[in-house]
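# Descriptive structure summary
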Amino acid sequence: MAAWLTLAEISKVTKMGKLDTDSFEQFLESIKQAGVVIFNEHDLRERMAEAHNWRFAFTTMLANGHRAGIFFEDKGHRIDEKKIHRAFSKFKLPKSSEAILATTLNSVH
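Below you will find a few notes about this structure. (Residues numbered from 1 in each chain as written. Predicted model: local features only at pLDDT ≥ 70, side-chain atom pairs only at ≥ 80, totals over all residues. Heavy atoms only, no water.)

## Brief notes about unusual backbone geometry
Rules: A run of H or I in DSSP counts as a helix once it spans at least four residues, and a run of E counts as a strand once it spans at least two, with each numbered from the N terminus. Three labels apply to residues, based on accessible area from a 1.4 Å probe with only protein chains included: buried if under 20% of the type maximum, exposed if over 50%, partly exposed otherwise in between.
In this structure, Asn-40 is a non-glycine residue whose phi angle is positive, near 65°. Unlike most non-glycine residues, Lys-92 shows phi in positive territory, near 60°. Here Lys-92 lies in the loop between α4 (81–90) and α5 (95–108). You can call Lys-92 exposed: its relative accessible area is 65%.

## Some remarks on the pattern of salt bridges
To keep it simple, the criterion reads: Criterion for a salt bridge: a side-chain nitrogen of Lys or Arg within 4 Å of a carboxyl oxygen of Asp or Glu.
Tallying each qualifying case throughout the model produces five salt bridges. When the shortest N-O distance is used, the salt bridge between Arg-45 and Glu-25 registers 2.0 Å. Of the two residues, Arg-45 is situated in helix α2 (residues 41–50) and Glu-25 in helix α1 (residues 7–33); the sequence distance between them amounts to 20 residues. Given the relative accessible area of 16%, Arg-45 is considered buried. In this structure, Glu-29 and Arg-45 form a salt bridge, with 2.7 Å as the shortest nitrogen-oxygen distance. Here Glu-29, found in helix α1, pairs with Arg-45, found in helix α2; they are 16 residues apart in sequence, far enough to count as distant. Three or more residues joined by partner-sharing salt bridges are found here, namely Glu-25, Glu-29, Lys-32, Glu-41 and Arg-45.

Okay, structure coming up:
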C-alpha cells in the first residue's frame, strides 16, 4: 500500500525545510557577529542552500572552501570564541566543525 502525504503533512514538510534554511542563515549571522569574516559568502550560502544537509556542506567548505575561494578569517583579532561555541551548539554542528574553524582562524594569524 502506497503512503500518501496529506496537504497538512506537505505543508509541514515545506515549513520544516524553510526553518532549516532559516537556521543556516541565522547560523552564519551568529558566527559573523562573533567576529568571523567570510570571503565569498554568496557562494557559501548558495552551496549551503542547495545541500540536503547544510551542516555537512558548511563543514566541507570549512575544510575545502579555499578551492572555491571561500575563506574564513579573524579580521582584526576580534573573534569571540564563546559566541562561536554557542552558535555551533545552538545550531547542532559537530565539535569537529568548530575545531576546523578554530584551526582555520588560527592559521591566518
